[in-house]
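If you want the building blocks of each chain, they are given just below.
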Amino acid sequence: MAATNERVVFEKEGVFIHTAVANSDDTLLAGKVSLIDKDGGFDAQLDWRAVEESNFEVQGSEGSGQPTWGTVSFHRSAAQTVTSPESVNFHAKKNRYAINFSLSELKSIRRSSPSLGWSYLLFVLKDGATLPALHFHEGGSKAMMKAMEKYVSITRSPHDNRLFMVTPNDTEALSRSFDELQLFGESSGDLVSKFFRDPYTTTLGGFSKVTNFLRDTLIAPNGHPTQRPPDEMADLLSEELPGLDIQPTENEFDLITRASLGPRPDVERRQPVSPEQWKNHQDGEGRVTSIPLLLEAIFRGGIHASLRKEVWPFLLEYYKWDSTHKDRLELRKRKEDDYFRMKLQWKSITDDQESRFTELRDRRSLIEKDVNRTDRTHPFFEGEQNPSLTLLYDILMTYCMYNFDLGYVQGMSDLLSPILMVMENEVDAFWCLVGFMDRVHHNFETDQQGMKTQLIQLQTLVHFLDPQMYTYLESKESANMYFCFRWLLIQFKREFSFPDIMRLWEVHWTDYLCQNFHLLLCMAILDTEKSAMMDNYLGFNEILKHINDLSMHIDVEDILKKAEGIYIQIAECKDIPKPIRDILGIKSERDADNGTSTTESADSGGSARSADSSIEIVPDQEETTF
């Protein structure tokens, strides 16, 4: 009987172990696999047990009354002492054979080849032990890995599509990250644990919608088992990962892909799009022409400051590119009516009504708090009776009426303030904010899948582009990329001055070069700061502080050039790993010939095309085609 704090979150029968019974051909041991929540979301165990309907072959005298035993072979852990140099014999009493381990002990998962016809998963623990493969003859491996993602981060290796690295998440690390990056304006000391106990009423200094990001991805490991000797692990990996050269080092082993990146090209930026250029891209009725050329010009140089008020509504899909002057006037009149109708909804709620409307009270309180501390040192928002603060407040309250499900989440005021400065109009600023939020709403939604996916994708890019930096970050407990959380959440808003963030945003909004360009911007900053971090041997806390101190000290044009150069360097690589192609939306040669895209949903947080997961798992049996 399971303890009261245990809960089965996944269960699947028809999961087999292929055994090697003495004096017998290979046979099947049928069982049931379960994923058991052990501590209210903080820990989980994977459990497999044999069932009565097992095809396990009986060995021994019929009617002897002796128990039936089988043997399952698997790779030896360095910590285990055995008589056989090649395998460890686990004696399995019929119907009592079991596999049980905590997900925090898991190092990696290897999946089966799609050509097998069914799925199997091979689990490798941190101590080097390779457990017997679980064969899902009736499907279910994909669903189980999805369930596991609630407790650990699972990242596909950029070097091997069948290998998934498992990262035990660290609530303490994220708490320290939040404190150092000043995301919430207060110490996060006990707030992480508060979230798990009461995620919907704990606001984490107002950031009330981060709850499931913590629940899904940040679980502290139980311990650090002894590592297998590097040379032995390298030998095993060389057998398991064809096409890779494994080089053991003192504490780790390096995976070196045989396909290398070429040199990174130098990229030149252009001048911003001028009023004359903008005029040349419109016909007599105001329709925008030669849109791809215009988007390229904006991507390579940005927009002249005097044009932003006119061009940003197009980039944020408030106006359609093929609309005429007359169309836009009519649209704006309708949008103005819509806006003030929604604004009246919250303004007409009486105090008596609001006393019974907890959600509105909470959102109003949070908006008031954030408006009073958003960019108050900037002339546009400084001063106690500044009318711009009233507009900021009114727009955010009205957005709560526009998007009831999302409402207001801390960080949205950061996205609105530059837009309001540019548009200088309440209605236009609101609808541009709507367009921006359509691109990045996954950053703020309750399940936080967008943020989780982006962190995993960034980790994958770092691993592929700079294994040396990745290894260093991993050694400093920073490979989870938590220190980039603020960059992704509010699209670098607090890292640049107002003119620079306006330039960066409008370049990114073109979606000209690739999807997820913002992840390449992260890579460009990390590449610039690599020497400062590694040469000074910065640890976890020092990396957080260093990243935080970069605010207002990053050259936006240099970062834009470097990010574009990184993309060209990847795109010109002969054999781009599929995870990288999926993240950036780069077509393979076969896809290009067929005119199809490698992915429809890899863009997780930087544009309107967003994804639920960065992990592709081998199809289950019922999904396999032959």
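Conventions used here
- Residue numbers here run from 1 along each chain, matching the order of that chain's written sequence.
- Only residues with pLDDT of 70 or above have their local features reported here, since the model is predicted, and side-chain atom pairs are shown and tallied only from 80 upward, although totals for entire chains, interfaces and linings are computed over all residues.
- For the side-chain quantities, the full set of heavy atoms in the structure was used; hydrogens and water were omitted.
- Helix numbers and strand numbers start at the N terminus; a helix is a DSSP run of H or I with at least 4 residues, a strand a run of E with at least 2.
- Burial status follows relative accessibility: with a 1.4 Å probe on protein chains alone, a residue under 20% of its type maximum counts as buried, one over 50% as exposed, and anything between as partly exposed.
- Contacts are assigned to residue pairs with any non-hydrogen atoms lying within 4.5 Å of each other.
- Surface accessibility in these figures is a Shrake-Rupley result with a 1.4 Å probe; residues are shielded only by whichever protein chains are displayed.
- Confidence of the predictor at the level of single residues is given by pLDDT, which spans 0 to 100.
- For helices, the fitted axis covers only the stretch in contact; all axes are lines through C-alpha atoms, and the angles between them, taken along N-to-C directions, range from 0 to 180 degrees.
- Any angle that is under 35 degrees is reported as roughly parallel, and any over 145 degrees as roughly antiparallel; angles of 65 to 115 degrees are reported as roughly perpendicular and all others as oblique.
- In this scheme the handedness of a crossing depends on how the near helix is turned from the far one: anticlockwise by less than a right angle means left-handed, clockwise means right-handed.
- Residues are grouped as follows: Ala, Val, Leu, Ile, Met, Phe, Trp, Tyr, Cys and Pro are nonpolar; Asp, Glu, Lys and Arg are charged; every other residue, Gly included, is polar.
- Multiplying 1.5 Å by the helix residue count minus one yields the expected span of that helix.
- What the arc measures is the spread of directions leading from the helix axis to the C-beta atoms.
- We call a set of buried Ala, Val, Leu, Ile, Met, Phe, Trp, Tyr and Cys residues a nonpolar core when their side-chain atoms join them within 4.5 Å.
- Two aromatic rings from Phe, Tyr or Trp, using only the six-membered ring of Trp, form a pair when their centres are within 6.5 Å; if the ring planes differ by under 30 degrees the pair is stacked, by over 60 it is edge-to-face, and anything between is tilted.

1. A closer look at the overall build of the chain
Point 1. In terms of helices and strands, the chain carries 23 helices and 13 strands.
Point 2. Here the chain holds 626 residues, and the buried ones make up 56% of them.
Point 3. In the chain, of all internal contacts separated by at least 6 residues, the share reaching a separation of at least 24 is 67%.
Point 4. Just so you have it, the chain exposes about 28400 Å², and 47% of that area is on carbon and sulfur atoms.

2. Topic: the confidence of the model for the chain
Point 1. Summary statistics for the chain give a mean pLDDT of 77 and a share of 69% for residues scoring 70 or more.
Point 2. In this model residues 53-96 is a low-confidence stretch, pLDDT under 50, and it forms 80 contacts with partners more than four residues away in sequence or in other chains.

3. Digging into the packing of helix H12 (residues 387-402) against helix H13 (residues 412-423)
Point 1. Look at H12 against H13: their axes get within 11 Å of each other, and the N-to-C directions meet at 125°. The pairing of H12 with H13 is recorded here as oblique in orientation. Two packed elements cross with a definite hand, and for H12 against H13 that hand is right-handed. Note on element contacts: H13 touches H12 through Met 412, Ser 413, Leu 416, Ser 417 and Leu 420, opposite Ser 388, Leu 391, Leu 392, Ile 395, Leu 396 and Tyr 399.
Point 2. In terms of residue class, the contact of H12 with H13 is made up of eight nonpolar, three polar and no charged.

4. Here we look at helix H11 (residues 358-371)
Think of an α-helix as turning once every 3.6 residues; residues three or four places apart then point the same way.
Point 1. Its 14 residues give H11 an end-to-end C-alpha distance of 20 Å, which sits within 8% of 20 Å, the value for a rise of 1.5 Å per residue.
Point 2. Turning to H11, its buried residues number three or more, namely Leu 360, Arg 363, Arg 364, Leu 366, Ile 367, Asp 370 and Val 371. On an axial view of H11, the arc spanned by its buried residues comes to 165°, and they lie on one face.
Point 3. Contacts from the buried residues of H11 go to helix H9 (325-347), helix H10 (351-354), H12 and H13.

5. Concerning the nonpolar core
Point 1. By size, the foremost hydrophobic cluster in this structure holds 122 residues, and its most contacted members are Phe 517, Leu 520 and Ile 570.
Point 2. Setting aside chain neighbours within four positions, we find Leu 520 in contact with Leu 461, Cys 514, Ala 563, Ile 566, Tyr 567, Ile 570 and Leu 584.
Point 3. With 30 residues, the next largest nonpolar core counts Leu 125, Met 144, Tyr 151 and Val 166 among its residues.

6. Quick notes on the packing of aromatic side chains
Point 1. Tallied over the entire structure, the rule returns 21 aromatic pairs.
Point 2. Ring geometry for Phe 299 versus Tyr 512: centroids 5.5 Å apart, planes at 40°, classification tilted. With Phe 299 in helix H7 (residues 291-301) and Tyr 512 in the loop between helix H18 (498-509) and helix H19 (517-535), the pair connects residues that are 213 residues apart, well separated along the chain.
Point 3. Judged by relative accessible area, Phe 299 falls into the buried class, the value being 2%.
Point 4. Assessed through its relative accessible area of 31%, Tyr 512 is described here as partly exposed.
Point 5. Between Phe 314 and Tyr 319, the aromatic rings sit 5.6 Å apart at their centres with planes inclined by 70°, giving edge-to-face as the arrangement.
Point 6. Of the residues examined, Phe 314 reaches a relative accessible area of 3% and is grouped as buried.

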